Structures are given as structure tokens and as C-alpha cells.
Amino acid sequence: MYRDGVCRVNSRLYTKMVAFTDINYQLAQNEDKSAIFDSYCEFLNYFDSSISVQLTFVNKRVNVREFERSIDIPQRDDAFDSIRREYADMLKSQLARGNNGLVKTKYITFGIEADSLKEAKPRLERVEADVLAGFKTLGVPARPLTGLERLEILHGQLHPDGREKFRFDFRDIVRASISTKDAIAPAGFDFRDSKTFRVESYYGAASFIQITAPELTDRMLADLLDLTSPVTVTLHIQSIDQAEAIKTVKRKLSDLDKMKIEEQKKAVRAGYDMDVLPSDLVTYGKEAAALLNDLQSRNERMFLVTILVLNTAKSKQKLENDIFAAAGVAQKYNCELKRLEYQQEQGLMSSLPLGLNQIEIQRGLTTSSTAIFVPFTTQELFMRGEALYYGRNALSGNLIMADRKLLKNPNGLFLGTPGSGKSFAAKREIVNVFLMTEDDIIIADPEAEYFPIVQRLGGQVIKLSPTSPQHLNPMDINPDYADEEDPLTLKSDFILSLCELIVGGKEGLAPVEKTIIDRCVRLVYRDYLSDPCPENMPVLEDLYDLLRSQSEPEAQNIATALEIYVTGSLNVFNHCTNVDIDNRVVCFDFKELGKGLKKLAMLILQDAVWNRVTLNRAARKTTWFYVDEFHLLLKEEQTASYCVEIWKRFRKWGGIPSGLTQNVKDLLASREVENILENSDFIYMLNQASGDRQILAKQLGISPYQLSYVTHSNAGEGLLFYGDVIIPFQDRFPKDTEIYTLLTTRPSEAQS
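Described in the following lines is the structure provided in the data block. (Residues numbered from 1 in each chain as written. Predicted model: local features only at pLDDT ≥ 70, side-chain atom pairs only at ≥ 80, totals over all residues. Heavy atoms only, no water.)

Along the backbone of the protein chain there are 28 helices and 23 strands. Across its three principal axes, the protein chain shows a C-alpha extent of roughly 115 × 70 × 60 Å. In the protein chain, which comprises 752 residues, the share counted as buried stands at 53%. A sequence separation of at least 24 residues applies to 75% of the contacts in the protein chain between residues at least 6 apart. Of the roughly 33400 Å² that the protein chain leaves accessible, carbon and sulfur atoms contribute 49%. Looking at charge distribution, the protein chain has the averaged site of its 90 positive side-chain charges lying 7 Å from that of its 105 negative ones. (Helix = DSSP H or I, 4+ residues; strand = E, 2+ residues; numbered from the N terminus. Buried < 20%, exposed > 50% of the residue type's maximum accessible area, 1.4 Å probe, protein only. Contact = heavy atoms within 4.5 Å. Areas by Shrake-Rupley, 256 points an atom, 1.4 Å probe, with all protein chains shown as cover. Lys, Arg positive; Asp, Glu negative; His and termini not counted. Charge placed at Lys NZ, Arg CZ, Asp CG, Glu CD.)

Written as C-alpha cells, this is what we have:
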């Protein structure tokens, strides 16, 4: 093995290796499946008869303790240790129910014959570039492997228990006089048994799949890889020269024609109809003719394919059970899993991703028949670091752990009918963010649902109502309010939106009115910007007084419209801010505000959040902003346009906004509001109403099969959109926990 990943397997065979990941083939729409299949056929057709190809799929058991460590939440000796412990225990129990003890990896190894490394290397690099380009066309993430990475994979396969760590440096070859084989070799092999072998303390068995089915399906390989035991499935694919393949088929056709003539002669001599031929002969003749037609007129090649299945287990009984399960999958698709008798050593070596096939049991298949073993099933989403829990993969049962910060656009939406679990999911994410990060969390709560969880997390609930002593000043500003812009420009835009909501009516503000408001905004902040102390921060009344002092009649109209919010009965927002919004978790409760004030409150709240986000960015801290009943904001033009602005600008300022809504139609109410859906790379979609399902299917390109996961689904079930990944999920959160009583919105289950 060389450092750059080239391996000299024998005196003439040189190979390289590429690792690739999964894409959502099984969940795709039928037309998308066809497109993937056609592209994969083209991908296979690239390999001519001079290139040997090996596809290797490894399901390997890893150390469960390492997995548990990756999802553990360390204790901090504070008031929140009990919920940390509960949350960590919940994750561990979900891990045990899933299949994350198995790590699934996929590799393609390609090799060519050459007289020397110097001759082989340039061609292997060209093939590697073409393979990576082919995977890119398929939308499959892939990367070439270095020599060290290839050795580590081989080491893992030859040490099934996973306890012995791979330790090797290419400098050791000179320093310690060892070879790359020494670095990966196990303590010993035992091939004395005809049907099994032993590697160290583990038992193993190599089998091959005999294809007896008249028609193949794209589910067989997927089902083999869904087995819950360690298994390595290998496909060795060798292309036959096209001209040679056509000649071979023509020879077979000639042989069949000769046999037909002989049968007809027999019929004439025996005195019966010469057109009555043996059924097998007729069938083979038709199949050979169809094959020749495919090779000559369709984009088909001929391949020799060997499919191997390698099982390993701690005991012989467990090994036999695993083989029986794999044989059941093969039988389900009218194929047979047969043990390689007296070829266990060759079977093991052929299952290692070295690119050398030592098993001479091959089946001739066309391109489309070979491509039916599509190496793609469904994507997994299990990230390390500050990844958060979003349920379990409904297809594989594995944990879904994802970090929204790593998305190009971390903005998110929680969509679902009432009772589908969207508030529960958002609250669970809030708890997870609080426990796993140092980020700030702000919640807009129009229904007063979040008080229990905010209180338990030591946060602050700010109750906005005409009778509340707590106040929020809509005129608050900080010097970092805008990036590389005059902070007044953006603040003026907010106050224009505020006045438009108060004054504008159906027609909105007139140009003259906008000019007057902009002039007064610049005047009202003059003292504060020259001396930014709290005493100089203006309130709404200061803006009102300035408008009254203007000469234009339009200014008097605006001031009169503002009067009820300054000196009248709706003067909730005509006060200096007297609450501490520096707490890590802040919840704005405006349930008791009337309909008119609620719209105003939402706009003012968004501006307060913007202030917090700009301050946090300077401190390199992320701000999570949750808006429940998001559709309330989208119904009004002013609040909707401000939401669109937040969805467009927050990412760059370290903010992660999330909207919770049951009304998908409001997300598409206008082209501008539609940007919210387009600028959200994270969508947590639960059960949907019939009309909304059709809208989302068209807007997000959801297949009918995917749509079934949000059709009459139970609470906590749906689809997760994470960038380009779509995963069906289930979240069965344990009910006998303190966290559940804080998260649930069901009156019978909620904490009193």
C-alpha cells in the first residue's frame, strides 16, 4: 500500500478506492428513481473491460460505549443536572432501540493491470477523477481514500471485535522494518473447516448469491444491508469487451438455431408438426435474441458479476443465525445464498476491498440487470459535536442527530396540524440547545404555552399586557444594529413598518408621510447617538412630540394616529425597557394583548430580537429565535415583510429563526413570503391537512411515498428536511420523565 492510496495487489494489479455515502433512493419519486437508475447505468458503462470494479458494503459493529460518549451530556453541578441526566438517559435508550451500534460504509475499488507503478498511477488518477465526476452527477458525496485510510478499513475488517486500535505510520516501514501487511494482520486465521473460518476469536463464513430469479428487484441489496448483524456484501463487476460480447451471443444464437433445425428434422421424420419445438429452446431463443438486440441497439454492455456475502460472529450459533437471516433475504427474491465450500479463504480475501476477485463463480448480466443492485437506500443523519436529537429514522430505527448550524441556511420551520407535536418538537429542541450549547434562546409565545419550560430552565418570561408592569421599548437601538450600514437606516425601516401598521390602512403610508417619519427618526436619536447612555434612549412619546412640531399636515395626521399608543389606553409600548432581556432564555408572552396590539407587539418583538442578535454576534454567540403561531405574523403585510427580512439576514448575524405554523398556505401567500420557505434548509414536517399536503408536495418535490409519512400520521411522526436530506422520523419521547411534563401541551399530561 502506498501513501497516496494506490495498492499493488499482485505483480500486475494496481487499485485505488473511493468512499461514497448514501442518497435517498428508496424514498424518491418514481421519476427520480428512474433518473438515478439511468445515471447509475451510465456510471457502470464507463468501466471498460480493462478496469475491474469492486463495490463493498460494510456493516460493522462498533464500540457502543464510544457511541454513548458521543451523545452524552456532561453534568455541571448546577440546578439543571437532573434534566441533563434525564435527557442523556433518553438518548441512550433510543440508541439501544435503534441500530447505531452498526456503522454502514460503502466503497468502490477499481483496478487496472500494468507493468509498474509509474505506468499505473496516471491512469488510476484519470479513472478516479471520472468516478468522482460520475458520483457527482448522481448527487452522491464521494471522496478518494489515502493509503492510511485504506489500511485502517482493512484492519477493521480483519479485527472483527474492534478492540484493537489501528496504529500505523508509513515512517514505521523504515523505522521498524515492518510492511503494510504487518500493520493490518490479525493474530491468526483458521481455514481448516470447509464452510467456516476463524479470524482471531471470531467465526466467519463467506457465501455467494446464486441468481435464479427471472426478474431482479432493486430491493434485494437494500434488504441485505438492512440486516442488524455485521455483514460485508461485495459485488465484483468485470465488463466484457462489447465486440466480444456480441460475438458470444451470436454464437449462442447460431447454436440455438442449429438445435432448432435438428428438432425440426426429428419432427419431420416422426411425422408431426415441425413448428412444435421444446419450450426451453423457444424461451432461450427469444431471450438470446432480446439480449443481442439490447447489446446492439440499446445502451447496454455485458458484465460478469460475483456477489459475495461475508458474515462474522462471536459464536458459531450466532453465525449460523446471521447466515440464515441473509439466506431468507435472498430467498425472498427467488435467489439462493450458497456457502463457498473449501473456498472460505478466497471468499474472505475477495470480500476485502482490494479489487481482486478470487471466486470464479460469475453470472453474466447486462448493464440494467447489474444496475438493479442499486447501492443506495436511505440516508442516515448522525452528526457529532453539538448535534441535537430529532427522533429516530423511521426506516432504519437509528438516531437522528443533526447540527443546524452546519447548514448553509439554518432557518427552520415546524409544520403540522394541531396536536401533531410541533410545539413539543420545538420545546424539545429548546431544551436540547440549552443543555448542549451556550447559545441564547428567545421565544415569541402568543398562547402562553412556554412558561413551565422557561421557568425550569431558569429563564425569564416577559408578560406584555395593558396591566403588566413589564415594558419593552420599541425605540431601543444599539450601535451594532446594522452591519457596515448606518444603524439609523435599518431602525428607520422598522419604525416605518410600525407606523404603517398603526397609520397606513389598506393603502399604506404615502411617500410624504414616509419622508416625515424618516426625518423625525433621525432627529429623535441625535442625542442618544452622540452620547449613548440609557437616559438618552428615546421612547415613542419623543417621536410623537417631534411629529407634532412638524409643519406639514401629514405629520399631524401621523401624530394623531399615534396618540392612542402614547397617551391613550393602548400606551403599553410608551415606556423605557424595564426588564432584563440578557437571560439565556427569554420568553415574550403576549397572550393577553388584544388583536390590534398583538400585531404591534409581534413587530416590536422582532426588532428587540434583532437588537439581541446583533449584540450576540459581537460576542460570537448564536441566538435561537422561536415564533409560535407563525401564521399570525404572515397575515399582516408589515409583520410578514419584516419576517422575510429576518429569514434573509439572520444567518449572517449568527441567528437561527424557527417558525411554528399549521397554515402552510400563509407561507405561500405572496411571492415575498414564499421566500421564507425557500430560505429554510431545516423543515420539521409533522401530520399535514389534505390541502397543505398537496401544496408541500409540489413546493418541496415530495414523492407520494414520502407524503405517506405526513398523511394521518400519529403525533411525533413525519419528515425531516435537513438541507438535501429527507428522512422520515418517529419520536417516542418517554412519558415518565420530568422533561415530558414540561414539553407536552396536552392538559391531562402537562405539569400543573
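Our focus in this paragraph is the sheet that holds strand β15 (residues 412-415). If you walk across this open sheet you meet the 11 strands as β14-β13-β23-β22-β21-β15-β20-β19-β16-β18-β17, and the pairing is mixed. Whereas interior strands pair on both sides, the edge strands pair on one side only; in this sheet they are β14 (399-402) and β17 (460-463). The sheet shows a mean angle of 25° between the axes of neighbouring strands, taken without regard to direction. For strand β16 (residues 440-445) and strand β18 (residues 585-589), the ladder comprises five bridges, and the chain directions are parallel. Across the sheet, residue D445 finds its bridge partner in β18, namely D589. (Pairing = 2+ DSSP bridges. Axes fitted to C-alpha atoms, helices over the stretch in contact; angles between N-to-C directions.)

Let's shift gears to the pairing of strand β3 (residues 52-61). Across the 10 residues that make up β3, a large majority, eight, are buried. Inspection of the sheet shows β3 paired to strand β9 (residues 231-239) by eight bridges, in the antiparallel sense. Considered in β9, the bridge of V53 is made with I237.

Here strand β22 (residues 717-722) lies mainly inside the structure; six of its six residues are buried. Inspection of the sheet shows strand β21 (residues 682-685) paired to β22 by four bridges, in the antiparallel sense. Bridging from a neighbouring strand, I683 pairs with F721 of β22. For β22 and strand β23 (residues 725-730), the ladder comprises six bridges, and the chain directions are antiparallel. From the neighbouring strand, Y722 faces β23, where its bridge partner is V725. Where β22 folds back onto β23 in an antiparallel hairpin, the turn is made up of two residues, including G723, whose phi is positive at roughly 60°.

Now for the packing of helix α19 (residues 540-548) against helix α20 (residues 553-566). Contact geometry of α19 with α20 gives a least axis separation of 9 Å together with a crossing angle of 155°. Taken together, the axes of α19 and α20 lie roughly antiparallel to each other. Our pair here, α19 against α20, has a crossing hand that is left-handed. On the side of α19, the interface is formed by L540, E541, Y544, L547 and R548, while α20 contributes A555, Q556, I558, A559, T560, L562, E563, Y565 and V566. (Parallel < 35°, antiparallel > 145°, perpendicular 65-115°, else oblique. Left-handed = near helix turned anticlockwise from the far one by under 90°.)

This next bit is on the environment of Q238. Relative to the helices and strands, Q238 resides in strand β9. Put simply, Q238 and I51 are 187 residues apart on the chain and 7.2 Å apart in space, counted from C-alpha to C-alpha. Those residues within four positions of Q238 in sequence are excluded, and the remaining contacts are D48, S49, I51, S52, M302, F303 and L304. A polar atom in the side chain of Q238 sits 2.8 Å from the backbone oxygen of S49. (Polar contact = N/O pair within 3.5 Å; in protein donor to acceptor, adjacent residues only side chain to side chain.)

Our next topic: the nonpolar core. With 84 residues, the main nonpolar core has I495, F573, F588, F590, L600, F630 and I676 as its most contacted residues. With 11 residues, the single largest contributor to this core is helix α21 (residues 595-618). Each residue touching F588, except ones within four places of it in the same chain, is listed here: I442, I443, A444, D445, I462, L464, L472, I581 and L605. Membership of the second largest hydrophobic core comes to 61 residues, among which are C41, A120, M220 and I307. (Core = buried A, V, L, I, M, F, W, Y, C linked by side-chain atoms within 4.5 Å.)

Turning to the pattern of salt bridges, a few remarks are in order. The full count for this structure, using the stated rule, is 36 salt bridges. Measuring nitrogen to oxygen at the nearest pair gives 3.7 Å for the salt bridge that ties D440 to K621. Within this pair, whereas D440 is found in strand β16, its partner K621 is found in the loop between α21 and β19 (623-627), the two being separated by 181 residues in sequence. By relative accessible area, K621 is classed as partly exposed at 30%. Among the ionic pairs, R456 bridges to E738, the shortest N-O distance being 2.7 Å. Of this pair, R456 sits in helix α15 (residues 451-456) while E738 sits in helix α28 (residues 738-743), placing them 282 residues apart in sequence. Overall, the relative accessible area of 23% leaves E738 in the partly exposed class. Look at the salt bridges and you will find they share partners, linking K104, R219, D223, D226 and K332 into a network. (Salt bridge = Lys/Arg side-chain N within 4 Å of Asp/Glu carboxyl O.)

Here helix α5 (residues 147-158) is 12 residues long and its end C-alpha atoms lie 17 Å apart, about the 16 Å a rise of 1.5 Å per residue gives. By the criterion of burial, α5 is predominantly enclosed, with nine of the 12 residues buried. (Expected span 1.5 Å × (residues − 1).)

Our focus in this paragraph is the packing of helix α1 (residues 30-45) against helix α4 (residues 117-138). Across the interface, α1 lies against α4 with an axial gap of 9 Å and an inter-helix angle of 170°. Relative to α4, α1 is oriented roughly antiparallel. Residues I36, S39, Y40 and F43 of α1 touch α4, and the partners they reach there are V131, G134, F135 and L138. Residues of the contact of α1 with α4, tallied by class, amount to six nonpolar, two polar and no charged. (Nonpolar A, V, L, I, M, F, W, Y, C, P; charged D, E, K, R; others polar.)

On to α4. End to end, α4 covers 31 Å across 22 residues, agreeing with the expected 32 Å (1.5 Å per residue, within 8%). A120, L124, V127, E128, V131, G134, F135 and L138 are the residues of α4 that are buried. The arc that holds every buried residue of α4, seen down its axis, measures 125°, which confines them to one face. Facing away from the buried side of α4 by over 90 degrees, the exposed positions are K118, R126, K136 and T137. (Arc of directions from axis to C-beta.)

With respect to the element layout, D731 can be found in the loop between β23 and α28. Of the residues examined, D731 reaches a relative accessible area of 8% and is grouped as buried. A distance of 2.9 Å separates a polar atom in the side chain of D731 from a polar atom in the side chain of Y389. A distance of 2.5 Å separates a polar atom in the side chain of D731 from a polar atom in the side chain of R428. Sequence-distant contacts of D731, that is, excluding residues within four places in its chain, are made with Q94, Y389, G391, F424, R428, Y684 and G716.

In this structure, D77 is a non-glycine residue whose phi angle is positive, near 55°. Here D77 falls in the exposed class, since its relative accessible area comes to 75%. The phi dihedral of Y342 is positive, around 60°, even though this residue is not glycine. Counting through the fold element by element, Y342 comes out in the loop between β11 (336-339) and α12 (344-351).

Below, the discussion takes up the packing of aromatic side chains. Taken as a whole and assessed by the stated rule, the structure comprises 25 aromatic pairs. Taking the centre distance of 5.7 Å and the plane angle of 75° together, the rings of F424 and F733 count as edge-to-face. Here F424 is found in helix α14 (residues 422-436), whereas its partner F733 is found in the loop between β23 and α28, with 309 residues between them in sequence. Assessed through its relative accessible area of 15%, F424 is described here as buried. Under the relative-accessibility criterion, F733 is labelled buried at 8%. Aromatic side chains F625 and F650 sit 6.4 Å apart centroid to centroid with 40° between the ring planes, which places their arrangement in the tilted category. Of the two residues, F625 sits in strand β19 while F650 sits in the loop between α23 (637-649) and β20 (655-661), which places them 25 residues apart along the sequence. Both residues of the pair, F625 and F650, count as buried. Aromatic rings pair up to connect F20, Y40, F43, Y46, F47, F135 and F376 into one cluster. R198 extends its terminal NZ or CZ atom over the ring of Y203, reaching a point 4.5 Å from the ring centre. (Phe/Tyr/Trp six-rings, centres within 6.5 Å; stacked < 30°, edge-to-face > 60°. Lys NZ or Arg CZ within 6 Å of the ring centre and 35° of its normal.)

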